[in-house]
Amino acid sequence: MRSYPTDSPQAAARILALTATADGLVDPAELDWLDRHAVHQSLGLSRSSLLALLAAHIKELREVGHWVDPDICPFDERTLADLMAEILDPALRRRLLGLCVALAQSDEFVAEAESAVLVAAVEHWGLQHAMVLPDAPALANH
């Protein structure tokens, strides 16, 4: 898979793309949520850039065969680790985790595959504490 500069808008957007594509499809409710919350702007991207990145991500996943088992965990551990490693800034990690949680919930159903991506983010970024604190900054401002 292609790499993006550390902490770049593209690297951050790809983490959201991982969440959106985890269950094998991007639900219209997820796209609506991204638009309603102007996530592209908060990442420093245009709407068309975010959608193009999402489409490129899906194409790349299909071409390189990184979808392992979309019912359980759609991406192999190495791929998840490599992509999560492109986000080093602690504040960006917390913000992305909050966005990913909200995105996964936007269609009113969190698939097991989406949950696997969220768990991978928590583990790779060491944000276990953010998931248990009631006012955790990771889940605020989404």
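Residues numbered from 1 in each chain as written. Predicted model: local features only at pLDDT ≥ 70, side-chain atom pairs only at ≥ 80, totals over all residues. Heavy atoms only, no water.

J.: Tell me about the environment of Cys100, and please be specific about residues and values.
T.: Its place among the elements puts Cys100 in helix H6 (residues 90-105). In this structure the C-alpha to C-alpha distance between Cys100 and Thr19, which are 81 residues apart in sequence, comes to 6.2 Å. (Helix = DSSP H or I, 4+ residues; strand = E, 2+ residues; numbered from the N terminus.)

J.: Any details on the nonpolar core? Residues and values, ideally.
T.: Grouped together as the largest cluster of nonpolar side chains are 41 residues, with contacts concentrated most on Ile15, Met84 and Leu96. Among the elements that line this core, the one with the most residues is H6, at 9 residues. Setting aside chain neighbours within four positions, we find Leu96 in contact with Ala12, Ile15, Leu16, Leu43, Ile87 and Trp125. (Core = buried A, V, L, I, M, F, W, Y, C linked by side-chain atoms within 4.5 Å. Buried < 20%, exposed > 50% of the residue type's maximum accessible area, 1.4 Å probe, protein only. Contact = heavy atoms within 4.5 Å.)

J.: Which residues make up the environment of Gly44, and what values go with them?
T.: By the element assignment, Gly44 lies in the loop between helix H3 (39-43) and helix H4 (47-64). Spatially, the C-alpha atoms of Gly44 and Ser8 are 9.0 Å apart, while their sequence positions differ by 36 residues.

J.: Tell me about the side chain of Ser8, and please be specific about residues and values.
T.: In this fold, Ser8 is placed in the segment before helix H1 (9-21). Polar contacts involving the side chain of Ser8 include one to the main-chain amide nitrogen of Ala11, which spans 3.1 Å. (Polar contact = N/O pair within 3.5 Å; in protein donor to acceptor, adjacent residues only side chain to side chain.)

J.: Give a detailed account of the packing of H1 against helix H7 (residues 112-125), specifying residues and quantitative values.
T.: In a packed pair of helices, the relevant descriptors are the angle between the two axes and the axis-to-axis distance. Across the interface, H1 lies against H7 with an axial gap of 7 Å and an inter-helix angle of 145 degrees. Within the contact between the two elements, H1 uses Ile15, Leu18 and Thr19 and H7 uses Glu114, Val117, Leu118 and Trp125. (Axes fitted to C-alpha atoms, helices over the stretch in contact; angles between N-to-C directions.)

J.: Hey, could you go over the pattern of salt bridges for me, with residue numbers and the actual values?
T.: Considering all chains together, one arrives at 5 salt bridges under this definition. For Arg36, the salt bridge is made with Asp32, and the minimal N-O distance between the two is 2.4 Å. On the criterion of helical spacing, the pair formed by Arg36 and Asp32 is a turn pair, its members being 4 residues apart in helix H2 (residues 28-36). Among the residues examined, Arg36 registers a relative accessible area of 53% and is labelled exposed. The salt bridge involving Asp35 is made with Arg47; its shortest N-O contact spans 2.7 Å. Note that Asp35 is positioned in helix H2 and Arg47 in helix H4, a separation of 12 residues in sequence. A relative accessible area of 41% means that Arg47 is categorised as partly exposed. (Salt bridge = Lys/Arg side-chain N within 4 Å of Asp/Glu carboxyl O.)

J.: Quick rundown of the environment of Ala29? Include the residues and the values.
T.: As for its position among the elements, Ala29 is in helix H2. Remark: the alpha-carbon pair of Ala29 and Ala104, spanning 75 residues in sequence, is separated by 9.9 Å. The contacts of Ala29, once residues within four sequence positions are left out, are Ser106 and Asp107.

J.: Give me the lowdown on the packing of H1 against helix H5 (residues 77-84), citing residues and values where you can.
T.: Where H1 contacts H5, the two axes come as close as 10 Å, and the packing angle between them is 145 degrees. On H5, the residues that touch Arg14, Ile15 and Leu18 of H1 are Leu80, Leu83 and Met84.

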